[in-house]
Amino acid sequence: MDPVRNPFAPGAGQRPPELAGRDKELDAFEIVLERVARGRPERSLVLTGLRGVGKTVLLGELRSMAMRAGWGAGKIEARPDADLRRPLAAALHRAIRDLAVRHRDPERAGDEAVDPDRVDEVLGVLKAFAMRSAPDGAKLRDRWQPGIDVAVTHGRADSGDIEIDLVELFTEVAGLAQEVGAGVALLIDEMQDLRPDDVSALCAACHELSQSRAPLVVVGAGLPHLPAVLSASKSYSERLFKYARIDKLDRADADFALLAPAEREDAAFDVDALDALYEASGGYPYFVQAYGKAAWDAAPRSPIGAADVKLAAPEAESELAVGFFGSRYERATPAEREYLRAMAELSEGRDEPVGTAGIADSLGRKASSLSPARDSLLKKGLVFSAQRGQIAFTVPHFGRYLLTQP
């Protein structure tokens, strides 16, 4: 098999050649775009799932859908303990520029022409919001200057209270979109890493938008405990967002993710190869790509068979051990690795939650003495609290990987 023509591409956030098994989520977002365009009330979206299931890829696809609909769209990745104002300002700056460019010519856009002065006014508010990221009294050289080439508009979104400012900023941006008959989509990856104050502000802003039917939609993606993070911030968040669990692919979709790209390259997998690949990958999209790529490279000819998959498996596992599992394992301290190992042994390498009391028993320790390791692993995003008293890996097959380590 020609490695140059290998269609499979495992990579962080990299779109696979065939986005299989996500039609339900794509169709749901198409409805959101249509309803918002008609002034109908609609909730923002939250996608949750383990790492490697394709949440980032799906966010990228939803962003493309919004842009094809003539919307402005911006995307950010939340980072632990990082200020929200700067990345949010950059994302909305991009969205406003999208609107200004696409709706400059009313005959081409099919809507009202955007008023350049109105765009500058909203950008001025956005600049004021962004510049509040510097603490009061900071010297000029320490103040961050956003790349927004307009004068600051004072009096809106610049109070310094993130909750007040975010509501006012979203209202301004949504108002501009409404004037040109479009909308704005703000996509937030790793949403569980937002600071508590920023989560609260975001929920408040989405609540205000839903009440006014403003054409701005937030689409968040994060780990399975993200709904609990939102609920702890605002009790009404359970009703504020539509939640969608992004999981591994079923057998038919996993097969299609392999067969469709191969067919476009005049190649195929036989049934035994598909059986072996599904068993190895578990249907997780990242693993499907990793094992599919290795099997293609190992096969001498088409159709790719089970023997080729068996030959390729060590190569795929070696790559995953370094780039997917190992990079995360290296971030853990010795005490945290001991905790992770106990989790793997109790779950017997399966992707299932285990009891924190059982971990303490297996290590012969008091549960309270293990709290620092557990809390640090939670903060690093290596585990999540499946429910009270239980803990699980955020990375599929991580337990199986740990059991292979000395």
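The text that follows walks through the structure, step by step, so that each part is easy to find.

The rules we used
Residues numbered from 1 in each chain as written. Predicted model: local features only at pLDDT ≥ 70, side-chain atom pairs only at ≥ 80, totals over all residues. Heavy atoms only, no water. Helix = DSSP H or I, 4+ residues; strand = E, 2+ residues; numbered from the N terminus. Rg over C-alpha atoms; globule rule 2.2 N^0.38 Å. Buried < 20%, exposed > 50% of the residue type's maximum accessible area, 1.4 Å probe, protein only. Contact = heavy atoms within 4.5 Å. Areas by Shrake-Rupley, 256 points an atom, 1.4 Å probe, with all protein chains shown as cover. Lys, Arg positive; Asp, Glu negative; His and termini not counted. Charge placed at Lys NZ, Arg CZ, Asp CG, Glu CD. Salt bridge = Lys/Arg side-chain N within 4 Å of Asp/Glu carboxyl O. Polar contact = N/O pair within 3.5 Å; in protein donor to acceptor, adjacent residues only side chain to side chain. Pairing = 2+ DSSP bridges. Axes fitted to C-alpha atoms, helices over the stretch in contact; angles between N-to-C directions. Expected span 1.5 Å × (residues − 1). Phe/Tyr/Trp six-rings, centres within 6.5 Å; stacked < 30°, edge-to-face > 60°.

**Quick notes on the overall build of the chain**
Right, on to step 1. When helices and strands are counted, the chain shows 17 helices and eight strands.
Right, on to step 2. Its C-alpha atoms give the chain a radius of gyration of 24 Å, near enough to 22 Å, the size a compact globule of 406 residues would have.
Right, on to step 3. Along the three orthogonal principal directions, the C-alpha set of the chain runs to about 65 × 60 × 40 Å.
Right, on to step 4. Across the 406 residues in the chain, those meeting the buried criterion constitute 50%.
Right, on to step 5. Within the chain, contacts between residues at least 6 apart in sequence are counted, and of these 75% link residues at least 24 apart.
Right, on to step 6. Counting every atom, the chain has about 18,900 Å² of accessible surface; 48% of that belongs to carbon and sulfur.
Right, on to step 7. For the chain, the distance from the average position of its 52 positive side-chain charges to the average position of its 63 negative side-chain charges is 4 Å.

**Regarding the pattern of salt bridges**
Right, on to step 1. One pass over the structure, following the stated rule, counts 27 salt bridges.
Right, on to step 2. A salt bridge links R35 to E42, with the nearest nitrogen and oxygen atoms 2.8 Å apart.
Right, on to step 3. Using a relative accessible area of 17% as the deciding quantity, one classes E42 as buried.
Right, on to step 4. A salt bridge links E352 to R350, with the nearest nitrogen and oxygen atoms 3.4 Å apart.
Right, on to step 5. R350 gets classed as partly exposed once you look at its relative accessible area, which sits at 39%.
Right, on to step 6. In the salt-bridge network here, residues are joined through shared partners; they are R118, E121, R156, E168, E172 and E179.

**As for the side chain of H397**
Right, on to step 1. Take H397: it is sitting in the loop between β8 (390–393) and α17 (398–402).
Right, on to step 2. A polar contact is formed between the side chain of H397 and the side chain of R400, at a distance of 2.9 Å.
Right, on to step 3. Non-local contacts of H397, meaning those with residues more than four positions away in its chain, are made with A280, S281, G282, Y284, F287, F325 and D351.

**Some details on the sheet that holds strand β1 (residues 44–48)**
Right, on to step 1. Strand order in the open sheet formed by five strands is β2-β3-β4-β1-β5, with parallel pairing between adjacent strands. Each edge of the sheet is formed by a strand with only one pairing partner; in this case those strands are β2 (72–77) and β5 (241–245). In this sheet, neighbouring strand axes are inclined to one another by 15° on average, regardless of whether the strands run parallel or antiparallel.
Right, on to step 2. The sheet contact formed by β2 and strand β3 (residues 184–189) spans six bridges and is parallel. In the sheet register, G72 faces β3, and the bridge partner there is V184.
Right, on to step 3. Packing against the sheet, helix α8 (residues 226–233) makes contact with β1, β4 (216–222) and β5, and its axis sits at approximately 135° to β1.

**Some remarks on the sheet that holds β8**
Right, on to step 1. Taken together, the three strands give an open sheet; going across it, the order is β6-β8-β7, and neighbouring strands pair in antiparallel fashion. Single-partner strands in this sheet number two, and they are β6 (354–355) and β7 (383–387).
Right, on to step 2. One ladder, built from three bridges, connects β7 with β8; its direction is antiparallel. Its bridge partner lying in β8, F384 is registered against A392.

**Looking at helix α6 (residues 162–179)**
Because an α-helix completes one turn every 3.6 residues, residues spaced three or four positions apart along the sequence face the same direction.
Right, on to step 1. Given a rise of 1.5 Å per residue, 18 residues ought to cover 26 Å, and the 26 Å separating the end C-alpha atoms of α6 matches this to within 8%.
Right, on to step 2. Within α6, burial applies to I162, D165, L166, L169, F170, E172, V173, A174, G175, L176 and A177.
Right, on to step 3. Buried positions along α6 lie against α3 (85–102), α5 (116–131), β3, α7 (196–212) and β4.
Right, on to step 4. Regarding α6, its N-cap is D161, as a side-chain oxygen of that residue lies 3.0 Å from the backbone nitrogen of E163 further along.
Right, on to step 5. Taken from the residues just after α6, G181 is the one with a positive phi, measuring 70°.

**A closer look at the packing of aromatic side chains**
Geometry of an aromatic ring pair is reported as the spacing of the ring centres plus the angle between the planes.
Right, on to step 1. Going through the model one piece at a time under the given rule, you end up with 14 aromatic pairs.
Right, on to step 2. Measuring from centroid to centroid gives 5.3 Å for F324 and F325, while their planes differ by 80°, and the two rings are edge-to-face.
Right, on to step 3. The class of F325 is buried, set by a relative accessible area of 6%.
Right, on to step 4. A connected cluster of aromatic rings, assembled from ring pairs, spans Y284, Y286, F287, F324, F325, Y329, F393, F398 and Y401.

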